[in-house]
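Chain by chain, the residues:
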Amino acid sequence: MNQILFNQYPYFNRQNIHIPNGDASNLDEEVKRYNQIIESEGPIDVQLLGIGENGHIGFNEPGTDFGSETHVVDLTESTIKANSRYFNHESEVPKQAVSMGLQSIIKAERIILLAFGEKKREAIKNLLNQPISEDIPSTILKTHVNVEIYVDDATAPDVD
């Protein structure tokens, strides 16, 4: 996030940017630290999200409890494969991540979801057309009053 987004614009207030440290030596302690930040400084002003091909948001894979807070997650093979583009070899991709939980995400004042590429088309289609379900974690966004979804032409579902 720092390299791709925050370092590109020098005027971001670094004191107001909080990202869980997935490289922490003790992930359980990192979860506690991050939940404490959310509690003491929250609510989150803007939550920026991507969406996985299986409808996950923030590494909250299908089946994640809608009441979850920040937690350590085991990444699915499809998520590991998708993230391998950021590494020299797939074996270097972490098998776990620290993720904000769905309850933590949904408390944000504003949520921005980004989805680009044909591989995300089905996930966006499911978000828009399927009922709210932990089987498709992104559907929790339907319960929020201030969500913006940005897609490119390859991702946009066909409109009848």
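Okay, so let's go over this structure. Values in this document were obtained by computation on a predicted structure and should not be read as measured data.

## Looking at the nonpolar core
Consideration 1: Within the largest apolar cluster, 20 residues are counted, with the highest numbers of intra-cluster contacts made by Leu 49, Ile 51, Ile 57, Ile 111, Leu 113 and Leu 141.
Consideration 2: Breaking this core down by element, the ones donating at least two residues are helix H1 (27-41), helix H3 (102-106), strand E4 (110-115) and helix H4 (121-129).
Consideration 3: The next biggest cluster of nonpolar side chains, apart from the first, holds five residues, and it includes Val 73, Leu 75, Val 93 and Ala 97.

## With respect to H1
Consideration 1: A rise of 1.5 Å per residue sets the reference length of H1, with its 15 residues, at 21 Å; its end C-alpha atoms lie 21 Å apart and thus fit the reference within 8%.
Consideration 2: Turning to H1, its buried residues number three or more, namely Leu 27, Glu 30, Val 31, Tyr 34, Asn 35, Ile 37 and Ile 38. Buried residues of H1 fall within an arc of 155 degrees about the axis and therefore sit on the same side. More than 90 degrees from the buried face of H1, the exposed residues found are Asp 28, Lys 32, Glu 39 and Ser 40.
Consideration 3: Residues of H1 that are buried in the fold lie against strand E2 (71-74), strand E3 (96-99) and H3.
Consideration 4: A distance of 3.1 Å separates the backbone nitrogen of Asp 28 from a side-chain oxygen at the start of H1, and that oxygen is part of Asn 26.

## Quick notes on the environment of Leu 75
Consideration 1: Assignment of secondary structure puts Leu 75 in the loop between E2 and helix H2 (77-83).
Consideration 2: For Leu 75, a relative accessible area of 11% gives the class buried.
Consideration 3: Spatially, the C-alpha atom of Leu 75 lies 5.5 Å from that of Lys 95, the residues being 20 residues apart in sequence.
Consideration 4: Discounting residues that sit within four places of it in the chain, Leu 75 has contacts with Phe 59, Glu 61, Ile 80, Pro 94, Lys 95, Gln 96 and Ala 97.

## Side note on the pattern of salt bridges
Pairing between side chains of opposite charge can happen when their charged atoms approach one another.
Consideration 1: Under the definition given, this model contains four salt bridges.
Consideration 2: For Lys 32, the salt bridge is made with Glu 29, and the minimal N-O distance between the two is 3.6 Å. Of this pair, Lys 32 and Glu 29 both sit in helix H1, three residues apart, roughly one helical turn.
Consideration 3: Assessed through its relative accessible area of 53%, Lys 32 is described here as exposed.
Consideration 4: Overall, the relative accessible area of 44% leaves Glu 29 in the partly exposed class.

Criteria and cut-off values
The written sequence of each chain sets the order in which its residues are numbered from 1. Local features in this predicted model are restricted to residues whose pLDDT is 70 or higher, and side-chain atom pairs enter the listing and the counts only when it is 80 or higher, whereas totals over whole chains, interfaces and linings include all residues. The side-chain numbers reported here are obtained from all heavy atoms of the structure, hydrogens and water having been left aside. Side-chain atoms within 4.5 Å link the members of a nonpolar core, which is a set of buried Ala, Val, Leu, Ile, Met, Phe, Trp, Tyr and Cys residues. Remark: exposure states derive from per-residue accessible area (1.4 Å probe, protein chains only) relative to the maximum for the residue type, with buried under 20%, exposed over 50%, and partly exposed in between. The helix and strand labels rest on DSSP assignments: H or I over at least four residues marks a helix, E over at least two residues marks a strand, and numbering proceeds from the N terminus. In this scheme, a helix's expected span is set at 1.5 Å multiplied by one less than its residue total. Summarising the geometry, the arc corresponds to the directions from the helix axis toward the C-beta atoms. In what follows, residue pairs with any heavy atoms lying within 4.5 Å of each other are defined as contacts. Think of a polar contact as two N or O atoms within 3.5 Å of one another; within protein, one of them needs to be a possible hydrogen donor and the other a possible acceptor, and neighboring residues in sequence only count if both atoms come from side chains. The salt bridge criterion pairs a side-chain nitrogen of Lys or Arg with a carboxyl oxygen of Asp or Glu, the two atoms within 4 Å.

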